[in-house]
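Structural overview for review
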Amino acid sequence: MQKASLLCSSNPISSPPTYLHTCRPLTVPIRIRFSPSLFAFSSLRFPLNRLHGQRHGFSPLHSTATEEMIEASKNVSSFVEIGYISSVHGLQGEICIKPNTDFTELRFCKAGRRWLKQQVSGKETIKEVELVEGREHHGKKSWILSFSGIETVDQARQLVGSTLLAEEEDRPHLEEGEFYTRDLVGMRVILKETGEVVGTVVNVFNSGANDLLHVMLKSAEPMPNGSEELSSLAEAGDSGPLVWVPFVKEIVPNVDMNRREMLITPPKGLLELNVRSVERSKKERRQLEWKERKRFQKRLIAAKKKLSEMEQQHVFHGFRFGEKSQASLLADQIVSVNSKLLQQALENVEIASKRWTITESLTGTKLVRNRLRISEKRFTPSTSEEKLGTNFTLQEKALQLISKGKVAVVLDMSDHKNRGKEYDLILSSSTSRENSETSSLQMLLCDDERFVKAEYRSSMPLVLISLADEIISMKKLFSSNNYFGFDPEKVWFLEEERLPVVSSLLEQNRHKILMKSPWEILQSPVGSGGVISLLSSDNIMENLAQNGIKYIQVCNGERYISRSSRLLLGLVNEKESEIGIQIFEHSEDVEEGFGMVFSIDTMKKLTRQIHKLQFYAIAKPNSHVELVEKKWVHVEPSSPNSYEFYSTIFSCINACSLDKLCVMEITE
């Protein structure tokens with residue numbers, strides 16, 4: 001008599017999310033009436049991300065639930081998230097919103113008060129707005145809304161990225177036997193035959209056929225109302241075993257909302273099989289951990305050998321000091337050093353430190369035959385495709401390649417345009433930066449005008465490059481949003497390439513690696529040129545080639561515009577070029593809005609020739625520690641005392657003949 005629809009149906013079954021999120025799934029939720037349950041014992045193996053089972057003769061459930069989520073606020077008791085403002089529509093101040101509710105007509109057509117949740121100066125604010133009218137944006141899986149007082153594009157643009165809220169007390173009344181998903185979390189689970197308490201529901205997940213209750217067995221102390229702490233305990237493994245219970249009428253025949261209890265009649269062996277699966281997975285994890293330690297030791301020995309050959313043995317001094325955890329940190333640091341890239345950078349130390357720019361090399365030159373100049377105004381969402389004129393055919397070529405799964409996208413979210421500034425200033429507010437980066441990425445991926453349309457994403461590989469501190473939050477963002485339509489098997493999350501900082505003074509005919517602490521190597525990002533190095537790892541290129549990829553787009557995620565990228569892709573394809581470059585007229589920053597297209601063969605060649613990457617050394621003051629007479633001394637320089645290495649991805653054009661190069665210059 002009951003049924004639930006999931007909050008985050010995309011979350012891997014083996015890794016349940018915390019119940020309350022600051023970011024909600026942005027895919028359009030579907031109000032589902034569940035089909036007969038799909039469930040088999042073999043489908044409950046925990047490491048799997050999806051359940052696959054056999055069809056049983058269970059009757060359909062008779063209820064449904066909303067996709068709305070409660071948000072707490074210091075100023076207002078509670079709200080329900082109903083949508084996410086993804087973009088501006090037209091020129092009259094209208095906005096596009098991605099629904100996050102099953103009651104779209106009620107939420108978006110009925111005029112009245114709503115609230116906007118926004119990030120202002122790093123703080124979350126909630127303000128009241130008046131909805132005037134709304135209509136469905138057919139074919140876009142979104143709605144077009146207009147608010148009182150928002151009448152221009154500039155005013156509407158300030159709302160992009162905000163979350164639209166409604167009051168919790170305004171939630172629609174459900175029919176008998178229907179439940180809001182959040183109301184199931186925290187309920188006690190009881191065996192109907194014996195009255196024995198089994199455990200507590202900590203989350204609800206969608207396997208694709210029916211919902212699954214994630215139940216913490218009674219060895220864990222239950223917490224009421226599905227609190228976030230309960231879910232956190234489950235994730236941390238500090239409580240009893242977690243088991244899966246299909247939420248179908250035959251297994252969960254009774255749900256008492258007043259007593260917050262549900263009775264279950266599980267098939268024989270269901271709960272026991274779950275627990276045994278967990279135990280087996282723990283043994284498997286121990287074996288994998290042991291093998292991983294062995295592999296790490298081999299890598300550490302090889303890395304120490306490389307550094308010794310480069311006469312950098314002083315890096316190992318920290319092993320004689322500190323505790324086990326500090327020694328482990330130093331070992332991780334040593335293994336992470338890309339010795340081949342470092343050797344290449346050291347050989348380039350004597351190269352003039354003047355920053356090499358693509359505009360100086362290509363703007364105005366007559367040597368590049370395949371050139372295209374186009375106004376940036378052509379790439380605004382309000383510009384029709386017909387206005388591209390003769391360039392429309394280039395866009396059509398690109399769309400054909402994308403629709404056939406022939407293009408991979410690499411988004412560099414590591415903000416290279418700030419690399420000329422003090423890097424420590426960027427890291428000084430890592431929490432706010434992490435929120436900012438995930439927010440900007442979320443806005444990009446949810447905007448079909450700026451990014452690849454949803455229908456093309458399942459066959460498109462995606463590589464995301466970011467700071468190490470942001471990787472976890474980005475993975476959570478994708479997991480909570482059904483991977484934004486991408487195939488999880490075709491998405492890579494890579495940490496940006498970094499190299500040690502070295503002293504600018506020669507010591508025994510070498511530049512000495514500086515230590516941030518006895519157990520940390522002082523490092524700095526190498527810039528967009530590191531993308532080439534990263535793509536040579538994890539068999540990424542082999543995987544792309546096997547999937548039939550012909551072109552790889554490498555873009556700065558901050559200024560990614562799908563129309564300009566498609567135009568460049570079409571130009572490269574038409575001219576049968578090896579490399580295409582997007583540049584901005586009069587731009588003084590080499591990394592600002594960079595965009596490139598590589599043929600798969602050219603990128604494979606570049607990744608095999610990492611030693612040809614060009615670096616230039618930037619003289620900077622860097623504080624560090626040194627071991628002097630068996631004592632660690634902290635050094636605070638008053639003038640530049642070190643070199644940080646930088647490489648731009650544009651230097652790869654040296655590996656391409658000019659007749660195989662395309663340049664698209666975007667003018668004002």
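Residues numbered from 1 in each chain as written. Predicted model: local features only at pLDDT ≥ 70, side-chain atom pairs only at ≥ 80, totals over all residues. Heavy atoms only, no water.

An unreviewed UniProt entry annotates the protein chain as Ribosome maturation factor RimM-like of Gossypium hirsutum.

Ordered in space as β14-β31-β25-β26-β24-β15-β16-β17, the eight strands form an open sheet in which the pairing is mixed. Of all strands in the sheet, those with a lone pairing partner are β14 (370–375) and β17 (491–495), marking the two edges. Across this sheet, the average inter-strand angle for adjacent strands is 15 degrees, counted without regard to direction. In this sheet, strand β26 (residues 595–599) lies alongside strand β25 (residues 579–584) in antiparallel orientation, the contact comprising four bridges. Counted as the bridge partner of glutamine 582 is glycine 595 from β26. Taken strand by strand, helix α16 (residues 600–607) contacts β24 (551–556), β25 and β26, and its axis lies near 95 degrees from that of β26. (Pairing = 2+ DSSP bridges. Helix = DSSP H or I, 4+ residues; strand = E, 2+ residues; numbered from the N terminus. Axes fitted to C-alpha atoms, helices over the stretch in contact; angles between N-to-C directions. Contact = heavy atoms within 4.5 Å.)

Counting residues in hydrophobic clusters, the biggest one holds 63 residues, and the most contacted among them are Leu544, Ile552, Val554, Phe598, Phe645 and Ile649. Among all residues touching valine 554, those that are not within four sequence positions of it are Val410, Val531, Phe594, Gly595, Met596, Phe598, Met603 and Ile649. Membership of the second largest hydrophobic core comes to 41 residues, among which are Leu372, Leu394, Val407 and Phe484. (Core = buried A, V, L, I, M, F, W, Y, C linked by side-chain atoms within 4.5 Å. Buried < 20%, exposed > 50% of the residue type's maximum accessible area, 1.4 Å probe, protein only.)

Below, the discussion takes up the packing of aromatic side chains. Enumeration over the complete set of coordinates arrives at eight aromatic pairs. Ring centres of phenylalanine 79 and tryptophan 115 lie 5.3 Å apart, and the angle between their planes is 55 degrees; this geometry places the pair in the tilted category. Note that phenylalanine 79 is positioned in strand β2 (residues 78–89) and tryptophan 115 in strand β4 (residues 112–120), a separation of 36 residues in sequence. For the pair shown, phenylalanine 79 and tryptophan 115 are each scored as buried. Their ring planes at 40 degrees and their centres at 5.6 Å tell us that tyrosine 616 and tyrosine 646 sit as a pair that is tilted. Placement of tyrosine 616 in strand β27 (residues 616–620) and of tyrosine 646 in strand β30 (residues 642–646) is noted, with a sequence separation of 30 residues between them. By relative accessible area, which is 3% here, tyrosine 646 ends up buried. A network of ring pairs unites the aromatic residues Phe478, Tyr483, Phe484 and Phe493 as a single cluster. Taking the ring centre of phenylalanine 316 as reference, the NZ or CZ of lysine 304 above it sits at 5.4 Å. (Phe/Tyr/Trp six-rings, centres within 6.5 Å; stacked < 30°, edge-to-face > 60°. Lys NZ or Arg CZ within 6 Å of the ring centre and 35° of its normal.)

Below, the discussion takes up the side chain of glutamate 665. For glutamate 665, the position within the fold is in strand β31 (residues 661–667). Note on glutamate 665: relative accessible area 3%, which makes it buried. Among the polar contacts listed, one links the side chain of glutamate 665 to the side chain of arginine 371, at a separation of 3.5 Å. In this structure the side chain of glutamate 665 is engaged in a polar contact, spanning 3.0 Å, whose partner is the side chain of arginine 373. (Polar contact = N/O pair within 3.5 Å; in protein donor to acceptor, adjacent residues only side chain to side chain.)

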